[in-house]
Amino acid sequence: MAEHVWRCKDKGQSVVKPVLRTNNLVELSWAQAVLAEAGVDAFVFDAHNSIAEGSIGAIPRRLMVEDVDESRAEWILRTARAALDDQSDDA
């Protein structure tokens, strides 16, 4: 996936990478909450594109993390999703 340079107020300039692309706002919010609870800063890109596209949801939003957190963030999201899948299998 592509690299993006993001200027953070406190940290200067850093490279961020996408860990999730989705049109599902519930999934996006869930992923942000999971990462925040684990102490990983996540940023939503393309959130305002819905204005340009007429709010049809054609452009997925991207959840980005700093490159140093990328593999940890992906593991956290995989683990959390697997836990949800296990819960639904038990029901």
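Remember, it's a predicted structure, so these values are computed and weren't measured experimentally. (Residues numbered from 1 in each chain as written. Predicted model: local features only at pLDDT ≥ 70, side-chain atom pairs only at ≥ 80, totals over all residues. Heavy atoms only, no water.)

Draft legend 1. Quick look at the overall build of the chain. Helix and strand content of the chain: 3 helices and 4 strands. Contacts in the chain between residues far apart in sequence, at least 24 positions, make up 61% of those at least 6 positions apart. By element, 51% of the accessible surface of the chain is carried by carbon and sulfur atoms, the whole surface being about 6000 Å². (Helix = DSSP H or I, 4+ residues; strand = E, 2+ residues; numbered from the N terminus. Contact = heavy atoms within 4.5 Å. Areas by Shrake-Rupley, 256 points an atom, 1.4 Å probe, with all protein chains shown as cover.)

Draft legend 2. Quick peek at the pairing of strand S3 (residues 42–45). Burial of S3 is one-sided: the residues Phe43 and Phe45 facing one way are buried, the residues Ala42 and Val44 facing the other way are not. Bridge count for S3 against strand S4 (residues 61–66) is 4 bridges, and the pairing is antiparallel. Within the sheet, the bridge partner assigned to alanine 42 lies in S4 and is valine 65. (Buried < 20%, exposed > 50% of the residue type's maximum accessible area, 1.4 Å probe, protein only. Pairing = 2+ DSSP bridges.)

Draft legend 3. Up close: the nonpolar core. Grouped together as the largest cluster of nonpolar side chains are 13 residues, with contacts concentrated most on Val19, Leu35, Val40, Leu63, Val65, Ala73 and Leu77. Mapped by element, the contributors of at least two residues to this core are strand S2 (12–22), helix H1 (25–37), S4 and helix H3 (70–90). Contact partners of valine 40, with chain neighbours within four places excluded, come to Leu35, Val65, Asp69, Arg72, Ala73 and Ile76. (Core = buried A, V, L, I, M, F, W, Y, C linked by side-chain atoms within 4.5 Å.)

Draft legend 4. Structural context of the pattern of salt bridges. In this structure the tally under the stated criterion is 3 salt bridges. Between lysine 17 and glutamate 70 there is a salt bridge, with its nearest N and O atoms 4.0 Å apart. Within this pair, whereas lysine 17 is found in strand S2, its partner glutamate 70 is found in helix H3, the two being separated by 53 residues in sequence. The exposure class assigned to lysine 17 is buried, which follows from its relative accessible area of 18%. In this structure, arginine 62 and aspartate 46 form a salt bridge, with 2.6 Å as the shortest nitrogen-oxygen distance. Highlighted residues: arginine 62 in strand S4 and aspartate 46 in the loop between S3 and helix H2 (49–53), separated in sequence by 16 residues. (Salt bridge = Lys/Arg side-chain N within 4 Å of Asp/Glu carboxyl O.)

Draft legend 5. H1, seen in detail. The end-to-end C-alpha separation of H1 is 18 Å, in line with the 18 Å expected for 13 residues at 1.5 Å each. Those residues of H1 not exposed but buried are Leu28, Ala31, Val34 and Leu35. The arc that holds every buried residue of H1, seen down its axis, measures 130 degrees, which confines them to one face. Among the exposed residues of H1, those pointing more than 90 degrees away from its buried face are Val26, Ala36 and Glu37. The opening residue of H1, the one whose side-chain oxygen lies 2.9 Å from the backbone nitrogen of valine 26, is asparagine 24. Glycine 39 lies just past H1 and shows a positive phi near 85 degrees. (Expected span 1.5 Å × (residues − 1). Arc of directions from axis to C-beta. Polar contact = N/O pair within 3.5 Å; in protein donor to acceptor, adjacent residues only side chain to side chain.)

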